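The chain contents come next:
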Amino acid sequence: MKPATVDRLPNAASQDQAESRSAVMLSGLRRHWVAAVLLAAGLVLRVLAQLAYRPALFYIDSVKYLYNSDGNDPEGYKAPLRAIAYVSNLDTVAAIQHLLGLAIAVLIYVLLLRRGVTRWLAALAMAPVLLDAYQLQNEQAIMPGTWFEALIVAGIAILLWHPGISWRRIVAAGLVLGTSATVAQVGEALIPAAALFVLVAAGGGWRRVLGKTAVLCLACAVPILVYCTGSYLMAGSFFLSHSGVTSFYGRTAAAVDCATIRLPTDERALCPTPTQQARGNDWLEFGTYSPVQSYYRNLPRGEVDTLVTNFNHSVVTQQPLRVLGAYLRDVLKIYAVVRVTAPGDPPISRWQFQTSFPYFSSHATPSIVRAAVSQFGGGKPTVLRPVAAFLRSYQLDGGYAPGPLLVLLTFTGLGGSVVAFRRRAAAAIRQPALACLLFFACAVSVTLISDLFVFSWRYQLPALVTLVPAGALGISVIMAWVRSRRGTAVCGAPVPQTGSPER
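Treat the numbers as computed from the prediction; the structure is a model and nothing was measured. (Residues numbered from 1 in each chain as written. Predicted model: local features only at pLDDT ≥ 70, side-chain atom pairs only at ≥ 80, totals over all residues. Heavy atoms only, no water.)

Q: I'd like a rundown of the state of the cysteines, residues and numbers included.
A: Tallied over the full model, the rule gives one disulfide. Here Cys-258 connects covalently by a disulfide to Cys-271, the sulfurs 2.2 Å from one another. Residues Cys-258 and Cys-271 share a disulfide whose torsion about the S-S bond is about -100 degrees; that sign makes it left-handed. Of this pair, Cys-258 sits in the loop between helix H12 (243-255) and helix H13 (265-268) while Cys-271 sits in the loop between H13 and helix H14 (274-277); the two residues are 13 residues apart in sequence, bridging distant segments of the chain. Classification of Cys-271 as buried rests on a relative accessible area of 11%. The structure places no disulfide on Cys-220, whose sulfur is separated from the nearest cysteine sulfur, that of Cys-217, by 6.3 Å. Note on Cys-228: no disulfide assigned, nearest cysteine sulfur contributed by Cys-220 at a separation of 14 Å. (Disulfide = S-S within 2.5 Å. Helix = DSSP H or I, 4+ residues; strand = E, 2+ residues; numbered from the N terminus. Buried < 20%, exposed > 50% of the residue type's maximum accessible area, 1.4 Å probe, protein only.)

What follows is the structure, encoded as structure tokens:
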């Protein structure tokens, strides 16, 4: 009987360990049940999106990343896209982007907990990423938006993982944030946002602070310079893209009063007619019959870029209030109660689920999509209509972050960011305030720069991973400040560690 008893001992120990792990998991689920429910809901929605549209959704710009953008946009997205397609197919591309969306939400939740935010508030901060139907549609599409968001949150997470800011984490965060600009050029706007955070958060004297800020900026510049060097060697142009000049033309041409502005003769034809202006920034930039496109068809690009630059300068200097007014109206659109297409904006229907497979003339036609699927795999484009109909109904009937909520989060994010400049604030207040400042600065930089060229609901999606967490952190800061003013102890989530900064 003794040998039998001995044989059972390892099995009993393994069973005890399994039961212990199960108990820990159940305890974790009970503690984080709100986050777990939201994560499950986000997973279900992503499975439905994957089932509804096979192999993936194609947008106007998708072919640029599958083949060649001709310098119109950075092509950093092409690296993971082609790598995944090489070992699998476009179905897998969409699946991995959905997993990235879930990972982004989890990372935001963990970051906020580490900065002292209560579990329920941190869970609510991850809800828009998980449940916003426009985010789901973006993840299902062959587009770089999800990867751009992932790089933003990864860079922020590296800087915020511990209260101190070490040199190694500054370099790592800079490399990640700089890489985001090779995926979407607006990522360049993250550099001053991160630099502001380091200036405020770093300690150890002004020389050390300035040194860390300079190292961050240099680390951000490395991926950009590497990309530009590669572009120069392969295409003869040292840039991320040449779209900036033409993109800002859309803004100035839509705002200009051609009857009163003074322009040289060779720039006069760049002034659009009232009918052309009514079609908006996007059409003025890309439309086949836009004034600027006729220039590009008949003159060398370098010469046209110079003319357009001069035209933009004339509009901004002679009619600044017209440009500023149009810009501010676009900035405020993110706070709209309902999401609609305003006159002159790109149609919001481009980023809404359809009950048939969506195609776009000249850029994502049925023949172009079939050729891409044939080359990269994934099967014939199909739609599971009942599921697609449900997703469309969910999206149109309020399945997105509401504008009034974003208004509230903007004010709380701003308030929390202001507190970050108070160096003598208690750690329970200052640490979430610093995190709030970083998230909020990134939100402001990315959205304001995007709106500078054209308003697009797709360009507002990074606010879900920056503005929403900033607002939640701001609420946490305000609550902690109120409690401290009342002389009560801070309660709720554990206060983050306040040891000496990393070196």
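Q: Residues and numbers for the environment of Ser-166, please.
A: Of note, Ser-166 is situated in the loop between helix H8 (145-160) and helix H9 (167-183). What makes Ser-166 buried here is its relative accessible area of 3%. Separated by 46 residues in sequence, Ser-166 and Lys-212 place their C-alpha atoms 8.6 Å apart.

Q: With reference to specific residues and values, describe the side chain of Ser-231.
A: If you trace the backbone, Ser-231 turns up in helix H11 (residues 206-235). Residues in contact with Ser-231, not counting those within four places in the same chain, are Gly-236, Ser-237 and Phe-239. (Contact = heavy atoms within 4.5 Å.)

Q: Outline the nonpolar core, listing residues and values.
A: Core analysis: the biggest nonpolar cluster contains 124 residues, and Phe-58, Leu-112 and Phe-197 have the highest contact counts within it. Judged by nonpolar contacts, the second largest core, of 20 residues, contains Ile-261, Tyr-295, Val-304 and Phe-311. (Core = buried A, V, L, I, M, F, W, Y, C linked by side-chain atoms within 4.5 Å.)

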